[in-house]
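# Fold and geometry: a report
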Amino acid sequence: MKKIVITGGPSTGKTSVINLLENSGYLCLHEVIRDMTAKEQETDQEITFKSNPIVSVDDPMAFNQRILDARVTQYQLAETKQDAILFFDRGIPDVLAYMDCFEQQYPQSFIDACTNHLYDHVFLMPPWKEIHVSDSQRFESYEEALLIDKCLNNTYAQLGYEVIIVPKDTIQKRVEFILNTIKELI
């Protein structure tokens, strides 16, 4: 099985691409943080996110640990599947990238989670100002999105991945680019 990460900062079209891949019959594991953010907001009505949740919650390290654990669980779930290709909406290294971006420290166990759970290919959706929006679970400004993009690219590269940039285009064309690139790499 080929484990493929689709990553990128906020408002890059990731979820739309993942949804089209899933609707086309590919197994896709969805982003975990949106549900976690919504739950965090439900449990603490006082919390108001003005930026990424990892800097807004009471205990950022615990929040990041939950994200990391959820992504490791997704990865382990993928190991039980028989599909030839499986897509992840973000990978384990995204946790480190976001923590780097927001200048948070993390223990060696976070790095180990990345090096012990490897993906076959990583596709990065670049920032796209024309489609950038904020909503109740996406808080970053476009400027923060640019910084997140840089951190994602750096983190995956530091972990030895060749990061493949997905061109800005229609959702269909982006999916075609990803699938054609995977065919060339297999």
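Structure report, in brief.

What counts, and at which threshold
- Along every chain, residues carry numbers that run from 1 in the direction the sequence is written.
- Reporting in this predicted model follows two pLDDT cut-offs: at least 70 for local features of residues, and 80 or more for side-chain atom pairs to be given and counted; totals over whole chains, interfaces and linings ignore these cut-offs and use all residues.
- Each side-chain value is worked out from all heavy atoms of the structure, with water and hydrogens disregarded.
- In DSSP terms, a helix is any run of H or I states spanning at least four residues, a strand is any run of E spanning at least two, and both are numbered starting from the N terminus.
- Relative accessibility decides the category of a residue: with a 1.4 Å probe and only protein chains considered, values under 20% of the type maximum give buried, values over 50% give exposed, and everything between is partly exposed.
- When checking whether two residues touch, look at their non-hydrogen atoms; a contact exists if any pair is within 4.5 Å.
- Accessible surface is estimated by sampling points in the Shrake-Rupley manner with a 1.4 Å probe; for residues, cover comes only from the protein chains shown.
- The span one expects for a helix is its residue count, reduced by one, times 1.5 Å.
- Along the arc lie the directions from the helix axis toward the C-beta atoms.
- The convention used is that axes are lines fitted to C-alpha atoms, helices contributing only their stretch in contact, and that angles between N-to-C directions extend from 0 to 180 degrees.
- Our angle categories are set so that under 35 degrees counts as roughly parallel, over 145 as roughly antiparallel, 65 to 115 as roughly perpendicular, and the remainder as oblique.
- In this scheme the handedness of a crossing depends on how the near helix is turned from the far one: anticlockwise by less than a right angle means left-handed, clockwise means right-handed.
- In the scheme used here, Gly and all other residues not listed as nonpolar or charged are polar, with Ala, Val, Leu, Ile, Met, Phe, Trp, Tyr, Cys and Pro taken as nonpolar and Asp, Glu, Lys and Arg as charged.

### Examining the overall build of the chain
Of regular secondary structure, the chain possesses seven helices and five strands. The proportion of buried residues among the 186 residues of the chain is 51%. Contacts spanning at least 24 positions in sequence make up 75% of the contacts within the chain whose residues lie at least 6 apart. On the chain, roughly 9200 Å² of surface is accessible, and the fraction owed to carbon and sulfur atoms is 49%.

### Looking at helix α7 (residues 171–185)
Taking 1.5 Å per residue, 15 residues should reach 21 Å; α7 reaches 21 Å between its end C-alpha atoms and fits that length. Looking only at α7, the buried set comprises R174, V175, I178, L179, T181 and I182. Around the axis of α7, the buried residues are gathered within 160° of arc, so they sit on the same side. Of the residues in α7, the exposed ones pointing more than 90 degrees away from the buried face are K183 and E184. Among the structural elements, β1 (2–8), α1 (14–23), β3 (85–89), β4 (121–125) and β5 (163–165) are those in contact with the buried residues of α7.

### A few points about α1
Among the residues of α1, those classed as buried are K14, V17, I18 and L21. Here the buried residues of α1 occupy an arc of 100° about the axis, which is enough to place them on one side. Looking at the buried side of α1, the elements it contacts are β1, β2 (27–29), β3, β4 and α7. Two residues or fewer after α1 comes G25, characterised by a positive phi angle close to 105°.

### So, the packing of helix α3 (residues 60–78) against helix α4 (residues 93–101)
At a minimum axis distance of 9 Å, the contact between α3 and α4 shows a crossing angle of 155°. Looking at the two axes, α3 sits roughly antiparallel to α4. Judged by the twist between their axes, the crossing of α3 over α4 is right-handed. The residues of α4 that touch α3, namely those facing M61, N64, I67, L68 and R71, are D94, V95 and M99. Considered class by class, the residues forming the contact of α3 with α4 number five nonpolar, one polar and two charged.

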